[in-house]
Amino acid sequence: MTSPALTAAPVSTAPAASSSTKRFALGIFDDEDTLLHAVDNVRAAGVKIYDVFSPYPVHGIDDALGIERSRLPIAAFFYGMCGLAFALWMQIYMLGFDWPMIIGGKPNIALPAFIPVSFELTVFFTCHGMVITFYTISKLYPRFKTPVLDVRSTDDKFVMAILLDEQSSQMPQLTQLLRENGASEVNQKEMTKF
Amino acid sequence: MQYVSPVREPLITSGKTYHDVTQDICYQVEAAPNIRWMGALGVALVLLGVFFYSVYRTLWFGIGEWGLNKTVGWAWDITNFVWWVGIGHAGTLISAVLLLFRQKWRSSINRAAEAMTIFAVICAAMFPVLHMGRPWLAFYVFPLQNTLGSLWANFNSPLLWDVFAISTYFTVSLVFWYTGLVPDFATIRDRAKGKIAKFSYSMLSMGWTGSAKHWSRYETVSLILAGVSTPLVLSVHTIVSMDFATSVVPGWHTTIFPPYFVAGAIFSGFAMVLTLMLITRVVFKLEDYITLEHIALMNKIMMVTGSIVGVAYITEFFIAWYSQVEYEQYAFINRATGPYWWAYLGMMSCNVLSPQFVWIRRIRYSITMTFILSIIVNIGMWFERFVIIVTSLHRDYLPSSWAMFSPTRIDVGVYVGTIGLFFTLFLLFAKFFPVINMAEVKTILKYTVNDGPTYGGANDGSRTPSRNTSPVPHATPGVPASAPVNYDKQND
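Notes on the packing of aromatic side chains
Here's step 1: Taken as a whole and judged by the stated rule, the model has 57 aromatic pairs over all chains.
Here's step 2: Ring centres 5.6 Å apart and planes at 65 degrees place the aromatic pair B:F51 and B:F52 in the edge-to-face group.
Here's step 3: With a relative accessible area of 5%, B:F51 lands in the buried category.
Here's step 4: One Lys or Arg, A:R143, reaches over the ring of A:Y141 and ends 4.2 Å from the middle of that ring.
Here's step 5: Over the aromatic face of B:F432 sits the side chain of B:K431, whose NZ or CZ is 5.4 Å from the ring centroid.

Dropping the structure here:
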């Protein structure tokens with residue numbers, strides 16, 4: 001299935017229309033199972049997949065695409081520890097050192113009484129730290145207009161995007177390859193901002 | 001790969017396709033508001049007016065507008081606070097605990113239940129803030145330096161723990177809910193026709209495209225949020241119960257309070273979820289998504305938690321007798337036979353007896369009976385908090401200080417008003433946001449397909465493209481199976 005034209009794109013000679021314009025071959029799939037097989041076969045054919053867009057999380061696609069396991073849990077643990085440290089420091093410093101008060105004859109640094117606030121702040125930091133990290137590294141932020149390769153990918157279609165060169169010279173082979181692997185349509189799309 | 005049993009009942013009925021799910025859920029967002037929704041919003045807005053009037057009276061004239069006195073310093077306000085917080089807990093239970101237990105049926109109800117959590121916590125927060133009397137000084141609850149010196153907040157006080165618990169709970173629930181909403185906002189954005197709709201849903205969807213990498217991270221984030229929300233939800237009502245349990249008031253000073261309050265919270269929360277879902281499924285025609293099976297499952301959870309609450313009531317009574325503490329014994333005798341016997345009777349019959357009817361299969365699967373039971377449980381759980389708070393306070397150690405509590409019109413107004421606030425928020429949510437998590441529902445559509453997935457993981461050697469395993473072929477009227485790009489726009 002591998003063809004040399006796919007792996008080694010011909011050198012471009014024509015001037016670029018716009019440096020920020022990207023061309024994509026879009027394989028549209030109707031079913032996640034077909035898509036997963038297609039991802040394997042397309043990668044086996046030596047084609048680099050730019051991204052896959054799906055209406056819901058497709059289980060197994062991370063492995064198929066070779067996406068590494070997210071390190072967000074490590075970040076979450078780190079944020080949680082920061083929260084715990086901050087909570088303990090805050091309570092011990094405020095009640096133990098800065099303004100010690102005798103409350104009900106208890107010790108100033110009454111650690112058992114500090115458990116609830118420490119726990120809540122651990123959860124607070126874990127959650128918000130992780131979610132802010134998630135939005136930041138995924139570059140998700142409110143936009144006036146969102147560029148989408150195929151609007152059906154948020155509805156019922158699974159879209160495999162493959163980056164093309166400026167002449168889209170791989171398009172015929174890619175069309176055939178995607179069709180062979182169960183794509184219901186193959187489209188070409190140019191995006192100026194993506 | 002996960003084994004999919006062929007004998008399972010489908011979670012979503014009528015053999016929906018992915019596109020059907022999008023159409024059905026987006027319909028109420030895109031269509032003009034229907035008359036029933038407008039009517040309901042009208043009623044909710046009237047009650048919201050009652051809320052604003054009552055709050056105005058409370059702030060202008062002070063807490064004296066309420067029926068509180070020197071003996072009963074906490075009454076309807078704290079009753080309502082605990083009631084609302086408790087209602088909120090079912091949303092987190094569905095979105096977090098059931099996610100960890102892989103209860104896939106939760107997908108159809110978790111969005112609305114989480115919304116309920118957030119709105120219920122907003123309503124709950126009104127009461128402690130109003131009870132301060134001077135809400136503009138509410139920032140005193142945070143550990144900020146006093147203007148006269150470095151006098152900090154008291155971290156030994158359960159009331160301060162409450163501040164941290166409720167604010168953490170509210171913000172975490174909000175973030176969890178919003179992150180779940182982002183992919184669905186993207187679906188609405190990509191279907192939107194109007195300029196305002198396109199702009200607003202583009203802003204709300206944060207540029208979500210459904211990229212594989214994003215989905216991978218999204219699932220990680222959901223799992224960890226569920227993991228931290230589970231102990232969080234238990235801690236919140238535990239801390240709420242400590243507001244009472246760490247005091248020395250007879251009837252409050254018991255170690256059973258944390259588990260008893262948590263069970264009660266889930267119990268009342270599921271009752272409220274049932275009330276809301278039964279209305280939502282009819283108004284928005286979501287019978288295929290929220291099926292009788294969902295109702296029966298929620299009924300079962302309600303029955304289990306209701307029974308735990310029943311056992312807790314009896315345990316409290318036993319421990320009061322067993323403790324040999326005269327005051328504790330009197331507090332409980334007074335609850336059952338004192339001047340507030342009717343509240344106690346209401347609590348016992350609504351919370352202990354009524355959920356037991358759910359043992360009968362026909363009642364469990366009956367929409368009418370479930371609706372009635374859910375309302376009864378909501379009333380019963382309100383009485384529970386009233387019984388715990390008012391009957392314990394009104395007669396404690398010193399008989400000369402004994403007093404009775406009766407609510408004023410403003411007490412009733414604030415309470416009924418928060419119900420208006422809750423329903424206003426919920427109705428606006430139901431109109432402008434997708435009430436069912438479309439992305440998650442799409443993952444469970446093929447839950448029962450007999451010739452299930454053929455894909456066995458990356459590089460497993462099975463490289464034959466499989467047939468389309470959709471339960472039914474793409475059959476949405478007016479949309480051809482291989483519709484061109486932007487078909488929704490071309491149909492205009």
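Next comes the rest of the write-up.
A closer look at helix 4 (residues 110-131) of chain B
Here's step 1: Helix length check: helix 4 of chain B, at 22 residues, gives a terminal C-alpha distance of 32 Å against a target of 32 Å (1.5 Å per residue), a fit within 8%.
Here's step 2: The buried count for helix 4 of chain B comes to 17 of 22 residues, which makes it a mostly enclosed element.

So, the pattern of salt bridges
Here's step 1: As enumerated under the stated definition, the model contains 14 salt bridges over all chains in all.
Here's step 2: Between A:R23 and A:E190 there is a salt bridge; the shortest N-O distance is 3.3 Å. With a gap of 167 residues between them, A:R23 in strand 1 (residues 22-29) and A:E190 in strand 4 (residues 185-191) connect regions that are remote in the sequence.
Here's step 3: By relative accessible area, which is 48% here, A:E190 ends up partly exposed.
Here's step 4: Residues B:K16 and B:D288 are paired through a salt bridge, measuring 3.3 Å at the closest nitrogen-oxygen approach. Here B:K16 is found in the segment before helix 1 (18-30), whereas its partner B:D288 is found in the loop between helix 8 (257-283) and helix 9 (292-323), with 272 residues between them in sequence.
Here's step 5: Within the structure, one salt-bridge network assembled from shared partners comprises A:D30, A:D156 and A:K157.

Thoughts on the packing of helix 9 of chain B against helix 13 (residues 367-394) of chain B
All names here are of chain B.
Here's step 1: Contact geometry for helix 9 and helix 13: axes closest at 12 Å, N-to-C directions at 30 degrees. Between helix 9 and helix 13, the angle falls in the class roughly parallel. Note that helix 9 runs across helix 13; the crossing there is left-handed. Residues L292, I295, N299, M302, V309 and Y313 of helix 9 touch helix 13, and the partners they reach there are I367, T370, L373, V377, M381 and E384.
Here's step 2: Looking at the contact of helix 9 with helix 13 residue by residue, the class counts come to nine nonpolar, two polar and one charged.

Regarding the interface of chain A and chain B
Here's step 1: Counting residues at the interface gives 79 residues for chain A, matched by 81 residues for chain B.
Here's step 2: Carbon and sulfur atoms make up 64% of the area that chain A and chain B hide from each other, which totals about 6900 Å².
Here's step 3: Area buried by chain A at its contact with chain B is led by A:H37, A:E120 and A:T154, which between them contribute 9% of it.
Here's step 4: Breaking the side of chain A that touches chain B down by element, the ones donating at least two residues are helix 2 (32-44), strand 2 (51-53), helix 3 (61-65), helix 4 (72-98), helix 5 (111-137) and strand 4 of chain A.
Here's step 5: With 17 residues, the single largest contributor to the side of chain A that touches chain B is helix 5 of chain A.
Here's step 6: Tallied by class, residues from the side of chain A that touches chain B come to 43 nonpolar, 16 polar and 20 charged.

Definitions and cut-offs
Residues numbered from 1 in each chain as written. Chains lettered and ligands numbered in written order. Predicted model: local features only at pLDDT ≥ 70, side-chain atom pairs only at ≥ 80, totals over all residues. Heavy atoms only, no water. Phe/Tyr/Trp six-rings, centres within 6.5 Å; stacked < 30°, edge-to-face > 60°. Buried < 20%, exposed > 50% of the residue type's maximum accessible area, 1.4 Å probe, protein only. Lys NZ or Arg CZ within 6 Å of the ring centre and 35° of its normal. Helix = DSSP H or I, 4+ residues; strand = E, 2+ residues; numbered from the N terminus. Expected span 1.5 Å × (residues − 1). Salt bridge = Lys/Arg side-chain N within 4 Å of Asp/Glu carboxyl O. Axes fitted to C-alpha atoms, helices over the stretch in contact; angles between N-to-C directions. Parallel < 35°, antiparallel > 145°, perpendicular 65-115°, else oblique. Left-handed = near helix turned anticlockwise from the far one by under 90°. Contact = heavy atoms within 4.5 Å. Nonpolar A, V, L, I, M, F, W, Y, C, P; charged D, E, K, R; others polar. Buried area = accessible area lost by both parts, 1.4 Å probe.

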